[in-house]
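What follows is the residue order along each chain.
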Amino acid sequence: MQGTIPTTINQLTNLKILNLANNNLTGTIPNLDALTKLRNLELSGNLLAGALPSLANLKNLEIALFYDNKLAGTLSFYPLLRLRVLDIGLNSISGKFPMEYYDLPSIEYIGLAGNTQMTSIPLPCVAYPLCFKAIATNVVDADTMNSDLSDAAKAALEKQAEFVPDEWYSDL
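Parameters at a glance
- Residues numbered from 1 in each chain as written.
- Predicted model: local features only at pLDDT ≥ 70, side-chain atom pairs only at ≥ 80, totals over all residues.
- Heavy atoms only, no water.
- Helix = DSSP H or I, 4+ residues; strand = E, 2+ residues; numbered from the N terminus.
- Contact = heavy atoms within 4.5 Å.
- Areas by Shrake-Rupley, 256 points an atom, 1.4 Å probe, with all protein chains shown as cover.
- pLDDT = per-residue confidence, 0-100.
- Salt bridge = Lys/Arg side-chain N within 4 Å of Asp/Glu carboxyl O.
- Pairing = 2+ DSSP bridges.
- Phe/Tyr/Trp six-rings, centres within 6.5 Å; stacked < 30°, edge-to-face > 60°.
- Buried < 20%, exposed > 50% of the residue type's maximum accessible area, 1.4 Å probe, protein only.
- Core = buried A, V, L, I, M, F, W, Y, C linked by side-chain atoms within 4.5 Å.
- Axes fitted to C-alpha atoms, helices over the stretch in contact; angles between N-to-C directions.

## Focus on the overall build of the protein chain
Line of reasoning, step 1. For the protein chain, the helix and strand inventory stands at two helices and twelve strands.
Line of reasoning, step 2. Going from N to C terminus, the protein chain has its helices and strands arranged as β-β-β-β-β-β-β-β-β-β-β-β-α-α.
Line of reasoning, step 3. The long-range fraction of contacts in the protein chain, counting pairs at least 24 apart against all pairs at least 6 apart in sequence, stands at 30%.
Line of reasoning, step 4. Here the protein chain has roughly 8,500 Å² of accessible surface; of this, 51% comes from carbon and sulfur atoms.

## Details of the confidence of the model for the protein chain
Line of reasoning, step 1. Across the protein chain, the average pLDDT comes to 77, with 69% of residues at 70 or higher.
Line of reasoning, step 2. Predicted confidence is poor over residues 159-172, with pLDDT under 50, and the contacts of this stretch with residues over four places away or in other chains come to 16 contacts.

## Things to note about the pattern of salt bridges
Line of reasoning, step 1. Counted by the stated rule, this structure contains two salt bridges.
Line of reasoning, step 2. A salt bridge links Arg84 to Glu62, with the shortest nitrogen-to-oxygen separation between them at 3.7 Å. Here the residue Arg84 occupies a position in the loop between strand E7 (70-73) and strand E8 (85-87), and Glu62 occupies one in the loop between strand E5 (49-51) and strand E6 (63-65), the gap between them amounting to 22 residues.
Line of reasoning, step 3. Counted as one network, the salt bridges with shared partners bring together Glu62, Arg84 and Glu108.

## Some words on the sheet that holds E7
Line of reasoning, step 1. The strand order across the open sheet formed by three strands is E5-E7-E9, and the pairing between neighbours is parallel. Across the chains shown, the open sheet's two edge strands, defined by having one partner strand only, are E5 and strand E9 (92-93).
Line of reasoning, step 2. Two elements, E5 and E7, share three bridges in a ladder whose sense is parallel. Bridging across to E7, Ala51 finds its partner in Ala72.

## Topic: the packing of aromatic side chains
Line of reasoning, step 1. Scanning the model with the defined rule gives two aromatic pairs in all.
Line of reasoning, step 2. When the centroid spacing of 5.0 Å and the interplanar angle of 75° are considered together, the rings of Phe77 and Tyr101 count as edge-to-face. Note that Phe77 is positioned in the loop between E7 and E8 and Tyr101 in the loop between strand E10 (95-96) and strand E11 (109-111), a separation of 24 residues in sequence.
Line of reasoning, step 3. The exposure class assigned to Tyr101 is buried, which follows from its relative accessible area of 0%.
Line of reasoning, step 4. Between Phe97 and Tyr101, the aromatic rings sit 5.6 Å apart at their centres with planes inclined by 35°, giving tilted as the arrangement.
Line of reasoning, step 5. The buried category is assigned to Phe97, whose relative accessible area is 3%.
Line of reasoning, step 6. Linked through ring pairs, Phe77, Phe97 and Tyr101 together constitute an aromatic cluster.

## Overview of the nonpolar core
Line of reasoning, step 1. Counting 34 residues, the largest nonpolar core has Leu41, Leu61, Phe66, Leu83 and Tyr101 as the members making the most contacts within it.
Line of reasoning, step 2. Excluding anything up to four places from it in sequence, Tyr101 contacts Leu75, Ser76, Phe77, Tyr78, Leu83, Leu86, Ile107 and Ile110.

## Some words on the sheet that holds strand E2 (residues 17-19)
Line of reasoning, step 1. Reading across the sheet, the five strands line up as E2-E4-E6-E8-E11 and stay open at both edges, with parallel pairing between neighbours. A single partner strand is all that each edge strand has here, and the edge strands are E2 and E11. For this sheet, the mean angle separating the axes of adjacent strands, direction not counted, is 10°.
Line of reasoning, step 2. Bridge count for E8 against E11 is three bridges, and the pairing is parallel. Looking at E11, one finds that Leu86 is bridged to Ile110.

Written as structure tokens, this is what we have:
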């Protein structure tokens, strides 16, 4: 599939799963605010650019996969109480990661790898070992180390990343 995501997608108000992953979609992600029943949003593996869309109205969202695109800008916090998986890796997301995502009651996985423009990644991950692998390339492998982390924390991230299989979230 090629082209852009039509803005009329917002008219599919009963949509629960939107999987447009691994296509050659270009352009920006349109407004999705009317998709209030949406549970799975999978847009990874495309050529989508621009800012991440607002997720504020998607109160039923459980899985949000945006990895491997050309998305830029910052990530805002949205109190999505059902969110289990958020992956924005392999984009050009910048700024500080909102720590509030770690407090969401259902969160299981946060993928941030490959966003070398992020200036700070928090370390409340100790309670969430599955996110270690996801942030390792930002903190441990990036040319500029995250100045908020001590050497011991960086070593712990590196060690923990060895124990999380790359295939973990392919089962979601």
